[in-house]
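Close look at the chain arrangement
Spelled out, the chains give:
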Amino acid sequence: DRGVDKFQCETTTKMNKVHFLYWLRCSLLLALLHSTSGRKQMTYGAIREFTPYVGKDAVLETRLKRAVSAMTKHGANSSIFKVIMGDRAGDYEIYNFYESVAAGAKAMQGFMSDPEMIAVNAERSANPIAEMRGPWVGRMLHNHMRGNVTTVTGVREYQVARSDVPKMMELVPELQKITDAQDADLGVGVPLFSNDHSMMRVVYRFKDLDHWASSVDAIANNQEFAALVEKANEIGTLMRSRVLMKL
């Protein structure tokens, strides 16, 4: 039927146009973010989460440090954090960052066959001391680092439809100005391989707990920040938040 064929053709053309405009919008936003001042780069992170069994924190920390040592040896930018408040307080997390997926795959092949990592995994099988989740892999859409040594990280997780990610990213330049005024780092990431692809993470990095506390006090009374939060809440929903300290 020619009418049906014409309708399908017009519908397909409109869908392709929408997909193209969405891609173009994302590309322009990312180009804008990467062209502004500061150290920004598209990076990938592999995150492992651990909930220790009661009384096993010290033993878990020792194992995690051994694991991170092996990961670092094979090219991962690896760190251990403890969640000190908020969602999953008391948990531990290992963050491995890479410049590319290829770099991450190469490092993973290396450290998984490392004798120290093999020993850690054998101990984990014989004597479990925590519940492990992950790794899940995320991609940083925005990663502004001012060059400070940071030990405290604030994380806010939003539920955002993938089609609304560009709308959220439009808020980042103004948010960057606010974090710059506090001498803090700002990152925004989305999952690449995960069980929750509606999640968007906004990450604030601080020099220490005092820096975090003074920044929170300042931002809490900032009307521009409050306005950005309201806009973000119209696009997505804030689901979880936590504060982590680097070990």
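Residues numbered from 1 in each chain as written. Predicted model: local features only at pLDDT ≥ 70, side-chain atom pairs only at ≥ 80, totals over all residues. Heavy atoms only, no water.

There is about 820 Å³ of room inside the largest pocket. Elements with a minimum of two residues in the lining of the largest pocket: strand 2 (44–52), strand 3 (77–86), strand 4 (92–98), strand 5 (130–145), strand 6 (152–159), strand 7 (185–193), strand 8 (199–206) and strand 9 (237–246). Ranked by residues supplied to the lining of the largest pocket, first place goes to strand 5 with six residues. When grouped by side-chain class, the residues that make up the lining of the largest pocket number 17 nonpolar, 14 polar and seven charged. (1 Å grid on protein atoms, 1.4 Å probe; cavity = no way out; pocket = protein on both sides within 12 Å on 5 of 7 lines; lining within 4 Å. Points joined across faces, edges and corners; volume = space filled by probe spheres on them. Helix = DSSP H or I, 4+ residues; strand = E, 2+ residues; numbered from the N terminus. Nonpolar A, V, L, I, M, F, W, Y, C, P; charged D, E, K, R; others polar.)

With that out of the way, let us pick up the pattern of salt bridges. Inspection of the entire model under this criterion finds 22 salt bridges. The partner of Arg63 in a salt bridge is Glu123, and the shortest N-O contact between them spans 3.7 Å. Linking Arg63 in helix 2 (residues 57–73) with Glu123 in helix 4 (residues 115–126), this pair joins segments that are 60 residues apart in sequence. Close ionic contact of Glu131 with Arg133 constitutes a salt bridge, the shortest N to O distance being 3.6 Å. Classification of Arg133 as partly exposed rests on a relative accessible area of 24%. (Salt bridge = Lys/Arg side-chain N within 4 Å of Asp/Glu carboxyl O. Buried < 20%, exposed > 50% of the residue type's maximum accessible area, 1.4 Å probe, protein only.)

Moving on, we come to the packing of aromatic side chains. For the structure shown, the criterion picks out two aromatic pairs. Both rings, one in Tyr95 and one in Phe97, keep their centres 6.1 Å apart while their planes meet at 15°; by these two values the pair is stacked. Of the residues examined, Tyr95 reaches a relative accessible area of 11% and is grouped as buried. On the basis of relative accessibility, which here comes to 27%, the residue Phe97 falls in the partly exposed class. Taken together, the aromatic side chains of Phe81, Tyr95 and Phe97 make up a single cluster linked through ring pairs. (Phe/Tyr/Trp six-rings, centres within 6.5 Å; stacked < 30°, edge-to-face > 60°.)

It is worth spelling out the environment of Tyr204 at this point. In this fold, Tyr204 is placed in strand 8. Taking the C-alpha atoms as reference points, Tyr204 and Thr153, separated by 51 residues in sequence, lie 5.6 Å from one another. Excluding anything up to four places from it in sequence, Tyr204 contacts Val152, Thr153, Gly154, Arg156, Leu175, Thr179, Asp185, Leu186 and Phe225. (Contact = heavy atoms within 4.5 Å.)

As for its placement among the helices and strands, Asp91 is situated in the loop between strand 3 and strand 4. A distance of 3.1 Å separates polar atoms of two side chains, one belonging to Asp91 and the other to Arg133. Excluding residues within four positions of it along the chain, Asp91 makes contact with Phe50, Thr51, Pro52, Phe81, Lys82, Val83 and Arg133. (Polar contact = N/O pair within 3.5 Å; in protein donor to acceptor, adjacent residues only side chain to side chain.)

With that settled, the discussion passes to empty space enclosed by the protein. Inspection of every chain in the model, using the stated rule, returns one cavity of 30 Å³ or more. Its volume calculated, the largest cavity comes out at about 200 Å³. Along the wall of the largest cavity there are 15 residues; nearest its centre are Leu171, Leu175, Val202, Tyr204 and Ala232. Among the secondary structure elements, those contributing two or more residues to the lining of the largest cavity are strand 6, helix 5 (165–169), helix 6 (172–181), strand 8 and helix 8 (223–235). Element by element, the count of residues in the lining of the largest cavity is highest for helix 8, at four residues. Looking at the lining of the largest cavity residue by residue, the classes come out as 14 nonpolar, no polar and one charged.

Bringing helix 6 into the picture now. Among the residues of helix 6, those classed as buried are Val172, Leu175, Gln176, Ile178 and Thr179. Buried residues of helix 6, viewed axially, fall in a sector of 165°; they line one side. Exposed residues pointing more than 90 degrees away from the buried face of helix 6 are listed as Lys177 and Ala181. Positive phi appears at Asp183, one or two residues downstream of helix 6, with a value of about 60°. (Arc of directions from axis to C-beta.)

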